[in-house]
Amino acid sequence: MATIILVRHGENDFSKKNKLAGWLSGVHLNEAGHQQAQAAAQRLAALPVKAVYSSPLTRCVETATYIADTHRLAVQHLDEIGEVQYGEWEGKKIKKLAQEPLWRAVQFYPSRARFPGGEALREVQSRAIQALEELAATHEKELIVVVSHADVIRLLLAHYLGVHLDLFQRLVISPASVSIISLSPDGVVRVLRMNDDGPLKMPAARAPEQKSKKEKKGKKRAARKEQSAAEAPPPGANGREPSAAVAPDEEE
């Protein structure tokens, strides 16, 4: 049974500012990210790691190097576990992207979402699964480390947990966190650990959902209707009994 330790890269200024780095070059770990990567390497130092694989992107390679150096191993680059190709969304702030019509699909129907000029999430999941299956066959009975990205790791975990792709957004993968799966040649899958980033701590406060312009306009219209209803005279105030009938030109 191959045991695969999935590690997310440490923090960088893009993730800290809630921007999509994607495949942009030159995105390095920031100071906190280096500390997180060092801590992850220390947590894995006592394990018999036989190989370290990494997404070719700088932030992952830097994280993987801390782990590989601890075990005197070389970092092996693997494109198939690289970040999602976000296309036209790369480099943009999440707050702005949340106004795009596609955002709803990405959040609630990701199995049908394709980033403009980029990949479909189902394609990312497929290439990442194939990569892990090949690694499991190559490293049968060995322990290896794979350093990748939050969405890629979540897509992998969703698959091996038997969770539909449309629900993968429910999983959380923190910077420099560790998740562990075991894959047996006879098909047996075991998810041994998820999103382990050290001592337990209080979860961060959840940011409010970003609403689309259409939803905001709908909310304003509803508020205006409520205000109009509150200002209208009560039934019977005009001297007539209120009627349950609605005139044809008054129907909504």
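Residues numbered from 1 in each chain as written. Predicted model: local features only at pLDDT ≥ 70, side-chain atom pairs only at ≥ 80, totals over all residues. Heavy atoms only, no water.

Asker: Describe the overall build of the protein, with residues and values.
Answerer: Across its full length, the protein carries eight helices and six strands. For the protein, the N- to C-terminal ordering of α and β elements is β-α-α-β-α-β-α-α-α-β-α-β-β-α. Evaluated residue by residue, the protein yields a buried proportion of 40% over its 252 residues. Intrachain contacts of the protein at a sequence separation of at least 6 include 69% that bridge at least 24 residues. In the form shown here, the protein has an accessible surface area of approximately 15,000 Å², with 51% of it arising from carbon and sulfur atoms. (Helix = DSSP H or I, 4+ residues; strand = E, 2+ residues; numbered from the N terminus. Buried < 20%, exposed > 50% of the residue type's maximum accessible area, 1.4 Å probe, protein only. Contact = heavy atoms within 4.5 Å. Areas by Shrake-Rupley, 256 points an atom, 1.4 Å probe, with all protein chains shown as cover.)

Asker: Hey, could you go over helix H6 (residues 121–138) for me, with residue numbers and the actual values?
Answerer: Look at H6: 26 Å from first C-alpha to last across 18 residues, which is about the 26 Å you get at 1.5 Å a residue. Regarding H6, the residues found buried are Leu-121, Val-124, Gln-125, Arg-127, Ala-128, Ile-129, Ala-131, Leu-132, Leu-135 and Ala-136. Residues of H6 that are buried sit in contact with strand S1 (2–8), strand S2 (49–54), strand S4 (143–148), helix H7 (150–161) and strand S5 (178–183). (Expected span 1.5 Å × (residues − 1).)

Asker: Can you lay out the sheet that holds S1 for me, pointing to particular residues and giving the numbers?
Answerer: With mixed pairing, six strands are arranged side by side in an open sheet as S3-S2-S4-S1-S5-S6. Either end of the sheet is taken by a strand with one partner, and the two such strands are strand S3 (75–77) and strand S6 (189–196). The sheet shows a mean angle of 25° between the axes of neighbouring strands, taken without regard to direction. Pairing of S2 with S3 involves three bridges; the strand directions are parallel. The residue bridging Tyr-53 from the neighbouring strand is Gln-76, located in S3. (Pairing = 2+ DSSP bridges. Axes fitted to C-alpha atoms, helices over the stretch in contact; angles between N-to-C directions.)

Asker: I'd like a description of unusual backbone geometry, backed by residues and values.
Answerer: Even without being a glycine, Arg-72 presents a positive backbone phi close to 55°. Note on placement: Arg-72 falls in the loop between helix H3 (58–70) and S3. Arg-72 sits in the exposed class, given a relative accessible area of 82%. Phi angles above zero are rare outside glycine, and Ala-176 is one such case at about 60°. Within the secondary structure layout, Ala-176 lies in the loop between H7 and S5.

Asker: Tell me what's going on with the side chain of Ser-182, and back it up with residues and numbers.
Answerer: With respect to the helices, strands and loops of the structure, Ser-182 is situated in strand S5. According to the relative accessible area criterion, Ser-182 is buried, its value standing at 4%. Among the polar contacts listed, one links the side chain of Ser-182 to the side chain of Thr-3, at a separation of 3.2 Å. Once residues lying within four places of it in the same chain are set aside, the contact partners of Ser-182 are Met-1, Ala-2, Thr-3, Val-188, Val-189, Arg-190 and Leu-192. (Polar contact = N/O pair within 3.5 Å; in protein donor to acceptor, adjacent residues only side chain to side chain.)

Asker: So what's going on with the pairing of S2? Residues and values would help.
Answerer: Most of S2 sits out of view: five of its six residues are buried. Relative to S4, S2 runs parallel, the two sharing five bridges. Within S4, the residue paired with Tyr-53 across the bridge is Val-146. Between the parallel pair S2 and S3, the chain is carried across by H3, and the sense of this crossover is right-handed. (Right-handed = clockwise from strand over helix to strand, strands pointing away.)

Asker: Which residues make up H3, and what values go with them?
Answerer: With 13 residues, H3 extends 19 Å between its outermost C-alpha atoms, agreeing within 8% with the 18 Å of an ideal straight helix rising 1.5 Å per residue. Against the buried residues of H3 lie S1, helix H2 (31–44), S2, S3 and S4. Looking one or two places after H3, you find Arg-72, whose phi comes out positive at around 55°.

Asker: Describe the packing of H6 against H7, with residues and values.
Answerer: Between H6 and H7, the least distance of the axes is 9 Å, while the angle of their chain directions is 75°. In this view, H6 runs roughly perpendicular relative to H7, as classed from their interaxial angle. The segment H6 lies against H7, with Leu-121, Val-124, Gln-125, Ala-128, Ile-129, Leu-132 and Glu-133 engaging Val-152, Leu-155, Leu-156, Ala-158, His-159 and Tyr-160. Of the residues contributing to the contact of H6 with H7, the split by class is ten nonpolar, two polar and one charged. (Parallel < 35°, antiparallel > 145°, perpendicular 65-115°, else oblique. Nonpolar A, V, L, I, M, F, W, Y, C, P; charged D, E, K, R; others polar.)

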